[in-house]
Amino acid sequence: MFDVAIIGCGPVGAMAANLLGKQGLSVVVLEKELEHYPLPRAVHLDHEMMRLFQSAGVIDRVEGDMVATDGHLHVGADHGVIRYMGTVGKPRPFGWANDYFFYQPELEAHLRDAFADNGRIELRLGAAFTGLEQDANGVTVHYDLNGTEPHPNDTYGQVKARWVIACDGSRSPVRKALGVELDDLQFEEPWLVVDAEVEGPVTFPALTGVPADADLQRLSVMMCDPARPATVVPGRRNHRRWEFMLLPHEDDAVMMQPENVAALVGAWMKDVPHTIVRAATYRFHGLVAERWQVGRVFLAGDAAHQTPPFFGQGMCHGLRDVANLAWKMAAVANDGAPESLLETYQPERDPHVRGVIGAAVAAGRYICELDRAKAAARDAAIRAQAAQKQGETAADLIPAIATGIVLAGTPSAGERFIQPVLADGRKLDDLAGQGWRLFQRDADLPDNGAVAAWLDARGVPAVLVRPDHYVFGTGEAQTLLEARAAMLGTSLTVAA
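The text that follows walks through the structure, step by step, so that each part is easy to find. Note that the structure is predicted; figures quoted are calculated from it, not measured. (Residues numbered from 1 in each chain as written. Predicted model: local features only at pLDDT ≥ 70, side-chain atom pairs only at ≥ 80, totals over all residues. Heavy atoms only, no water.)

## So, the packing of aromatic side chains
Alright, step 1. Within this structure, the stated rule accounts for nine aromatic pairs.
Alright, step 2. Their ring planes at 75° and their centres at 6.0 Å tell us that Phe-298 and Tyr-345 sit as a pair that is edge-to-face. Placement of Phe-298 in strand β18 (residues 297-299) and of Tyr-345 in helix α9 (residues 345-367) is noted, with a sequence separation of 47 residues between them. The exposure classification of Phe-298 matches that of Tyr-345, with both residues buried.
Alright, step 3. Centre to centre, the rings of Phe-417 and Trp-454 are 4.9 Å apart; their planes meet at 80°, and the pair counts as edge-to-face. Placement of Phe-417 in the loop between α10 (372-387) and α11 (428-432) and of Trp-454 in helix α12 (residues 450-458) is noted, with a sequence separation of 37 residues between them.
Alright, step 4. You can call Phe-417 buried: its relative accessible area is 0%.
Alright, step 5. Taking NZ or CZ as reference, Arg-41 lies 4.0 Å from the ring centre of Tyr-37, over its face.
Alright, step 6. Here the guanidinium or amino end of Lys-427 rests over the ring plane of Trp-96, the centre of that ring lying 3.9 Å away. (Phe/Tyr/Trp six-rings, centres within 6.5 Å; stacked < 30°, edge-to-face > 60°. Helix = DSSP H or I, 4+ residues; strand = E, 2+ residues; numbered from the N terminus. Buried < 20%, exposed > 50% of the residue type's maximum accessible area, 1.4 Å probe, protein only. Lys NZ or Arg CZ within 6 Å of the ring centre and 35° of its normal.)

Dropping the structure here:
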């Protein structure tokens, strides 16, 4: 019996396997396809995901194919800037740039290649989930084989594990098999997503109010134009993405015709050579599963929630999900923590996800406004709000964890902890390691005083950081350790 069976080997499932395998858990990954999907889908992740790649020991594999960019720019109906969430010249408290773009087939290949580095991870391709049953000891997962022979150590078409993580996408057969309903957050808009390889800069219309430090080629630019809301997204190397809202009278199939796609993209390319790689229509949704855990089975990624892509957080949510599960499963399997620890998964992640989806849905509502008079009023209102939020970045949208394994009421509990770059160029986690970490004011760290300054700003002598880099709590070191032991029912090791 495996410790964990993961269903689905997209980026979220593959990341879950690496995080769990690195902790010494035995993992089997069931993937229905024989080859990973060859075209880009997700394109953006943030600094927190880069830090999780550090945790999983895969950062050296993935970093070379990541392109750091400069944030987000929203442009109003009058082609004037209404909101700028730029990062140029700003500090990087978490050790990485705020925004990275990537090419999903490359990322998936890197994450799968890392399985060999991270313990006992077995990947079974062509294994399509068909059902499961569970009891007090584990879960038996049944699957059909697609063009493959049964594994020599496996009962034909089934495998047993202590826990299951379903990372099987928005249509999630596992979620459906469990009878879990989706909470509809009342946002659904049709968009045409186009990926292209381009041999030069994107041509933007004349824009006003663009900050002096803003490079349009390095920003995710949202054109909130009632004539055709659209997003222009940078990518790695020569990959670019456009997202065009479909208007009420337009038909999905017609708009996906090559001549219509070419006309939409061509307006942004002028005389720049480019090749359309993919064009697909999507319904951008705000949806959250009502239950993320059913017994020993956990939903993660798109199986648990779907967010409009306006801040590029869809895949990031999924990676946060599995980082949350991985350290808790390791605590139960390796350190004797009670299985009830896993019951904090949804209480921690659900409000977190809803907070970000709420921001994305709110942005989507104003982005998708097609009435010119209402759009003009919107632009004035957002400019007024933006003036009160000078220096805003997309990172500010991520809320703290408010409940669960956090010492609520202590300064900065549930926030993401900083990761300063050290004197030798490494980052804090490279020195302190993974797992639980206790930092005290008198610690001798080659971090130019960054951790001490963080503690001083909050008036606390110590901070205890969880394995997923969120602050458990702040205060006296002994008090923190005792509170953690009381919550987990065990005394885990801590790097101090």
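Having seen the structure, we can now continue with the description.
## Re the side chain of Glu-348
Alright, step 1. Looking at the element boundaries, Glu-348 is found in helix α9.
Alright, step 2. On the basis of relative accessibility, which here comes to 2%, the residue Glu-348 falls in the buried class.
Alright, step 3. Within the structure, Glu-348 has its side chain in polar contact with the side chain of Lys-328 (distance 2.9 Å).
Alright, step 4. A distance of 2.7 Å separates a polar side-chain atom of Glu-348 from the backbone nitrogen of Ile-405.
Alright, step 5. Residues within four places of Glu-348 in sequence aside, it is in contact with Asn-324, Lys-328, Ile-401, Thr-403, Gly-404, Ile-405 and Arg-466. (Polar contact = N/O pair within 3.5 Å; in protein donor to acceptor, adjacent residues only side chain to side chain. Contact = heavy atoms within 4.5 Å.)

## Structural notes on the pattern of salt bridges
Alright, step 1. In total, this model carries 30 salt bridges according to the counting rule given.
Alright, step 2. Salt-bridge contacts for Arg-51 lead to Asp-429; the nearest nitrogen and oxygen are separated by 2.7 Å. Taken together, the positions of Arg-51 in helix α2 (residues 47-55) and Asp-429 in helix α11 put the pair 378 residues apart, joining distant regions of the chain. In terms of burial, Arg-51 and Asp-429 fall into one category: buried. (Salt bridge = Lys/Arg side-chain N within 4 Å of Asp/Glu carboxyl O.)

## Focus on the environment of Leu-45
Alright, step 1. With respect to the helices and strands, Leu-45 occurs in strand β3 (residues 44-46).
Alright, step 2. Relative accessible area serves as the criterion here: at 0%, Leu-45 is assigned to the buried category.
Alright, step 3. A sequence separation of 272 residues divides Leu-45 from His-317, and the C-alpha atoms of the two residues are 9.6 Å apart.
Alright, step 4. The residues contacting Leu-45, other than those within four sequence positions of it, are Met-50, Phe-53, Met-66, Asn-98, Asp-99, Tyr-100, Phe-102, Leu-107, Met-315 and Cys-316.

## Description of the nonpolar core
The tendency in soluble globular proteins is for nonpolar side chains to be buried side by side.
Alright, step 1. The biggest cluster of nonpolar side chains holds 110 residues, and the ones touching the most others in it are Ile-6, Leu-45, Phe-53, Ile-165 and Met-329.
Alright, step 2. Residues within four places of Met-329 in sequence aside, it is in contact with Val-4, Leu-20, Leu-25, Trp-163, Ile-165, Phe-298 and Leu-342. (Core = buried A, V, L, I, M, F, W, Y, C linked by side-chain atoms within 4.5 Å.)

## Things to note about the environment of Gly-119
Alright, step 1. Topologically, Gly-119 is positioned in the loop between α4 (104-113) and β8 (121-125).
Alright, step 2. On the basis of relative accessible area, Gly-119 is assigned to the exposed category, the value being 53%.

## What about unusual backbone geometry?
Alright, step 1. One non-glycine residue, His-79, adopts positive backbone phi at about 65°.
Alright, step 2. Relative to the helices and strands, His-79 resides in the loop between β5 (71-75) and β6 (81-86).
Alright, step 3. Here Gln-186, not a glycine, exhibits a phi torsion of approximately 60°, which is positive.
Alright, step 4. With respect to the element layout, Gln-186 can be found in strand β12 (residues 182-198).

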